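Residue-level structure breakdown
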Amino acid sequence: MTPPFITPEDAEPHLDWLLLTEALAAGHRKPKAEIGDTFLYRAPDTLLSRAAWIDGLGSLVKTATVFPENTDLPAINGAVSLFDDKTGMLSAMLDFHLVTKWKTAGDSLLAAQRLARPDSRNILIVGAGTVGASLIDAFHIGFPDAHFHVWNRTTGRAEDLVASTPHASLAKDLGNAVQTADIIVSATMSKTPVIRGDWLQPGQHLNLIGAYRPDMREVDDLALTRSRVFTDSFDTTLDHIGEFKIPIEDGVINREDVIADYYQLDKFDRSTDGDVTLFKNGGGAHLDLMTCAHILERWQNAQ
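Anyway, here's the lowdown on the structure attached to this text. Please read these numbers as outputs of a predicted model, since none were measured by experiment.

Observations concerning empty space enclosed by the protein
The rolling of a water-molecule-sized probe over the atoms marks out the regions of remaining empty space. What the rule picks out here adds up to one cavity of 30 Å³ or more. Its residues assigned to classes, the lining of the largest cavity comprises three nonpolar, two polar and three charged.

Here's the deal with the packing of aromatic side chains
If you walk through the whole model with that rule in mind, you get seven aromatic pairs. With 3.8 Å between their ring centres and 15° between their planes, Trp 17 and Trp 102 make a pair best called stacked. With Trp 17 in helix H2 (residues 17–27) and Trp 102 in helix H3 (residues 96–115), the pair connects residues that are 85 residues apart, well separated along the chain. Through successive ring pairs, a cluster of aromatic residues spans Phe 230, Tyr 262, Phe 268 and Phe 279.

As for the nonpolar core
Ile 6, Ile 123, Phe 139, Phe 143, Val 150 and Phe 268 are the most contacted members of the largest nonpolar core, which has 60 residues in total. The biggest single contributor to this core is H3, with ten residues. Once residues lying within four places of it in the same chain are set aside, the contact partners of Ile 123 are Phe 139, Phe 143, Ala 146, His 147, Phe 148, His 149, Ile 183 and Val 185. Within the second largest apolar cluster, 25 residues are counted, among which are Leu 174, Val 178, Ala 223 and Leu 238.

As for the pairing of strand S7 (residues 122–126)
A large share of S7 lies buried, amounting to five of its five residues. Side-chain alternation along S7 places Asn 122, Leu 124 and Val 126 on one buried face and Ile 123 and Ile 125 on a second face that is also buried. Sheet topology places S7 next to strand S8 (residues 147–151); five bridges connect them, and they run parallel. Within the sheet, the bridge partner assigned to Ile 123 lies in S8 and is Phe 148.

Things to note about the sheet that holds strand S11 (residues 205–208)
Taken together, the seven strands give an open sheet; going across it, the order is S9-S8-S7-S10-S11-S13-S12, and neighbouring strands pair in parallel fashion. Across the chains shown, the open sheet's two edge strands, defined by having one partner strand only, are strand S9 (168–170) and strand S12 (228–231). The mean inter-strand angle of the sheet, taken between neighbouring strand axes irrespective of direction, is 20°. Pairing between S11 and strand S13 (residues 277–280): four bridges, direction parallel. Along S13, the bridge assignment pairs Asn 207 with Phe 279. H3 contacts S11, S12 and S13 of the sheet and is inclined by roughly 165° relative to S11. Contacting S8 and S9, helix H5 (residues 155–163) crosses the sheet at an angle of about 160° to S9.

Digging into helix H4 (residues 130–142)
Between its first and last C-alpha, H4 extends 19 Å over 13 residues, near the 18 Å set by a 1.5 Å rise per residue. Of all the positions in H4, only Gly 132, Ser 134, Leu 135, Ile 136, Ala 138 and Phe 139 are classed as buried.

Brief notes about the sheet that holds strand S1 (residues 5–6)
In space, the six strands of this open sheet follow the order S1-S6-S5-S4-S3-S2, with mixed pairing throughout. In this open sheet, the two strands that pair with only one neighbour each are S1 and strand S2 (34–42). The sheet contact formed by S1 and strand S6 (residues 90–94) spans two bridges and is parallel. Residue Phe 5 lies in a different strand from S6, and its bridge partner there is Met 93. Sitting on the sheet, H3 is in contact with S1, strand S4 (58–66), strand S5 (76–83) and S6, with an inclination near 90° to S5. Packing against the sheet, helix H10 (residues 285–301) makes contact with S1, S2, strand S3 (45–54), S4, S5 and S6, and its axis sits at approximately 65° to S3.

So, how was this worked out
Residues numbered from 1 in each chain as written. Predicted model: local features only at pLDDT ≥ 70, side-chain atom pairs only at ≥ 80, totals over all residues. Heavy atoms only, no water. 1 Å grid on protein atoms, 1.4 Å probe; cavity = no way out; pocket = protein on both sides within 12 Å on 5 of 7 lines; lining within 4 Å. Points joined across faces, edges and corners; volume = space filled by probe spheres on them. Nonpolar A, V, L, I, M, F, W, Y, C, P; charged D, E, K, R; others polar. Phe/Tyr/Trp six-rings, centres within 6.5 Å; stacked < 30°, edge-to-face > 60°. Helix = DSSP H or I, 4+ residues; strand = E, 2+ residues; numbered from the N terminus. Core = buried A, V, L, I, M, F, W, Y, C linked by side-chain atoms within 4.5 Å. Buried < 20%, exposed > 50% of the residue type's maximum accessible area, 1.4 Å probe, protein only. Contact = heavy atoms within 4.5 Å. Pairing = 2+ DSSP bridges. Axes fitted to C-alpha atoms, helices over the stretch in contact; angles between N-to-C directions. Expected span 1.5 Å × (residues − 1).

Such coordinate-based values are descriptive only and should not be taken to indicate function.
What follows is the structure in C-alpha cells.
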C-alpha cells in the first residue's frame, strides 16, 4: 500500500488546536526523544535538517529551506517524512507547511496555557507573516475572549492581517502595545532585539518564536533577567539559538536560569500573578514528530 501524502485540505478539517496541545503534552510523557540537527548556511539562507525518534511513537525527518529574501515565493519550504516505529517503513509524507503551521503555533499555545494568566484578554502578535496568522488562529481557540493587536515593521502587512481577522486591531507603536498586552507573541526574523525589557509589565507572558539561528534574538538582556524563563527543549535552544546562547556566553544569565523544558511540564507555572513569564519556542524534530503522528491519527480516524 502506498503511504499517503497528507495535505492541508486533507487534514485541517479534522484538527483542533486544543487536542494538539494535549498530544504534545502526552508526547513528552513518552521516553525522551533522540534528536539530531544539521544546519548549513549561505549568507542569509539556511538549510536545516532535523530528525527525531521517540520510542513507541515513530521517527521523522524534516528538511527546511529558509530563504528570507524571497519576495514572491514563501521564505520557508521543505519536506516531511514520518516512519513507523516498529518496521521503519514510511508511514506518510506530510505537507511541510501543514506540519510547520500546527507544530509552531501549537508549541507556543501549550506554553501559554500554563504560563499566561487565564484571564488574559489582550494578545499582541509581533510579526505579521504566515506564522502570525496561524498564531491568531491558535490563540483565539486557547483564549476565546481575547482581542488581538498586530504589529509589524512594515505596517502594510499588519494592516492586511488585521483586515482578514475579525478580532484584531492594528498596533501602531510597539512599545505602547507591549506595555498594555497580557500576552506578547513574537515571530520575527530579527537578529537584534525588537522587544525591550523596560516595556514589560507585571503579570505578562512573553512567547518567543522567531529566532532560530545562533546570531538571532528578539528580546534584550533585561527582558530575560526580569522573567521566569522556560523553553520547549533545552537540547534545541540553549547552545543553538541566540536568544539564549548569546546572553549565556556573555554571562547575563546562566543555563540554570532556564527553569524547565517540556520534559518537566509540571514546573511550568507562575509563582505569583505578578510574574513575567518568558517562553522560547525553539521547535525541534521531536515536536514535528508528535504533531505528525497526531495529524496522521486524526486523518486516519476520519477515513
